[in-house]
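# What the coordinates show
Take a look at the letters that make up each chain.
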Amino acid sequence: MNWGNRDTATRRILILGGTTEARELAGTLVDAGYEVITSLAGRTDTPRFPEGIVRIGGFGGKEGLAAYLTSSHIDMVIDATHPFAAQISANAVAAASSAKVRLLRLERPAWQKPEGAIWLEVGTTLDAVHALPRDARVLLTVGRQDLGQFLAHTKCRYIARMIEVPPGLPADWAVIAARGPFTLEGELELMESHGITHLVTKNSGGAQVAAKLAAAARLSIPIIVIGRPRLPRAETVDSVARASEAIARIFRTG
């Protein structure tokens, strides 16, 4: 696609969002003069809205997204969804190719093992369940959509932390409704006060080591990390700054 000498205000960008990076990128692009539409899946009742236009709800699969890209005259789509939103990312690649729209993926870097940590990376949520010893006291930070496997295995005591708490959790679960970022001091206090013996988390990643990982490493608490799903190949950057630079370059060169 050749954008010629069009100014930023005539360039329409769709961000598939829901992450901190997506929200930051939307603000940066709006400030730069682009027309920005951020799509949120609507899975939380209290989302943090970015600057620009906000669209809530699905598109109807890759075909629906491709139709939206065409009908809304989208010039570029940015996949800035959660690293575990594999289906959305796959739909984005397929839809962008079908609609002949440029795609850029903004994917935060994966966490690496903190120094001194007891670290076990597994492939699936079920693998994480099977890695837990009987009677472990487990801090779960996997999100509410991935609790089903743990609900089916009652050999452990669970302390689950998530942004919003779903109904129907067992009475013997301790549930913490909280939204980060969290501090190292707060995570140390949480783990010590609940007698945590294991931490289970997804490798959501980020530029900095998460406080929960640092706290678990300091307390010698084993960390069971669910690895990221494999995503279709796409041009990828790992920060908001690099995404902004790539977008400017792509529009400049056509």
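Rules used throughout
In every chain, residue numbers begin from 1 and rise along the written sequence. Selection of residues for local features in this predicted model requires a pLDDT of at least 70, selection of side-chain atom pairs for listing and counting requires 80 or more, and totals for whole chains, interfaces and linings are taken over all residues. With hydrogens and water stripped out, all remaining heavy atoms of the structure feed into the side-chain values. In DSSP terms, a helix is any run of H or I states spanning at least four residues, a strand is any run of E spanning at least two, and both are numbered starting from the N terminus. This radius of gyration counts C-alpha atoms alone. The globule rule is 2.2 Å times how many residues there are, raised to the power 0.38. Exposure categories follow from relative accessible area, calculated using a 1.4 Å probe and restricted to protein chains: below 20% of the type maximum is buried, above 50% is exposed, and the middle band is partly exposed. Method for areas: the Shrake-Rupley scheme with a 1.4 Å probe, in which residue coverage is limited to the protein chains shown. Between N-to-C directions, angles cover 0 to 180 degrees, with each direction set by a line fitted to C-alpha atoms, over the stretch in contact for helices. Should an angle fall under 35 degrees it is taken as roughly parallel, and over 145 as roughly antiparallel, whereas 65 to 115 is taken as roughly perpendicular and any remaining angle as oblique. In this scheme, a crossing is called left-handed if the near helix is turned counterclockwise away from the far one by less than a right angle; it is called right-handed if the turn is clockwise. The contact rule is simple, with two residues in contact once any of their heavy atoms fall within 4.5 Å. In this count, Pro and Cys sit with the nonpolar residues alongside Ala, Val, Leu, Ile, Met, Phe, Trp and Tyr, while Asp, Glu, Lys and Arg are called charged and the others, Gly among them, polar. In this scheme, strands are said to pair when DSSP sees at least two bridges between them.

## Details of the overall build of the protein chain
Across its full length, the protein chain holds eight helices and 12 strands. Computed over C-alpha atoms, the radius of gyration of the protein chain comes to 20 Å, within 12% of the 18 Å expected from 2.2 N^0.38 for 254 residues, which places it in the range of a compact globule. Viewed in the frame of its principal axes, the protein chain has a C-alpha envelope of about 65 × 35 × 30 Å. Within the span of the protein chain, comprising 254 residues, buried residues form 45% of the whole. Working note: accessible area of the protein chain is about 12500 Å², and carbon and sulfur atoms make up 50% of it.

## Let's talk about the packing of helix H6 (residues 184–193) against helix H7 (residues 211–218)
Remark: H6 packs on H7, axes separated minimally by 8 Å, with the N-to-C direction vectors making an angle of 55°. As the angle between them shows, H6 and H7 are arranged oblique. Considering the relative orientation of H6 and H7, their crossing is right-handed. In this structure, H6 contributes Leu184, Glu187, Leu188 and Met191 to the contact, and H7 contributes Ala211, Lys212, Ala214, Ala215, Ala216 and Arg218. Along the lines of polarity and charge, the residues of the contact of H6 with H7 split into seven nonpolar, no polar and three charged.

## What to know about the sheet that holds strand S4 (residues 76–79)
The strand order across the open sheet formed by six strands is S3-S2-S1-S4-S5-S12, and the pairing between neighbours is parallel. Two strands lie at the open edges of the sheet, namely strand S3 (53–56) and strand S12 (236–237), each paired on one side alone. The strands touched by helix H1 (residues 20–31) within the sheet are strand S1 (12–16), strand S2 (35–40), S4 and strand S5 (102–106), with S1 carrying the most contacts at an inclination of about 165°. Sheet strands touched by helix H2 (residues 61–71): S1, S2, S3 and S4. Its angle to S1, the strand with the most contacts, is close to 155°.

## Points about the sheet that holds strand S11 (residues 223–226)
With respect to topology, six strands assemble into an open sheet ordered S6-S11-S10-S7-S8-S9, the strand pairing being parallel. Strands with a single pairing partner mark the edges of an open sheet, and in this sheet they are strand S6 (119–122) and strand S9 (174–177). Across the sheet, the axes of successive neighbouring strands diverge by a mean angle of 20°, strand direction being ignored. Here four bridges tie strand S10 (residues 198–202) to S11, and the two strands are oriented parallel to one another. Directly across from Leu199, in S11, lies its bridge partner Ile223. Docked against the sheet, H7 engages S6, strand S7 (137–141), strand S8 (157–162), S10 and S11, running at close to 155° with respect to S10.

## Overview of unusual backbone geometry
In this structure, Pro181 follows Gly180 across a cis peptide bond, with omega equal to 10°. Within the element layout of this structure, Pro181 appears in the loop between S9 and H6. For Lys100, which is not a glycine, the phi torsion comes out positive at approximately 60°. Judged by relative accessible area, which is 67%, Lys100 ranks as exposed. At Asp135, a position not held by glycine, the phi torsion is positive, near 70°.

## Some points on the environment of Gly123
Along the chain, Gly123 falls in the loop between S6 and helix H4 (125–131). Taking relative accessible area as the criterion, Gly123 reaches 54% and is therefore assigned exposed. For the pair Gly123 and Leu231, spaced 108 residues apart in sequence, the C-alpha to C-alpha distance is 14 Å.

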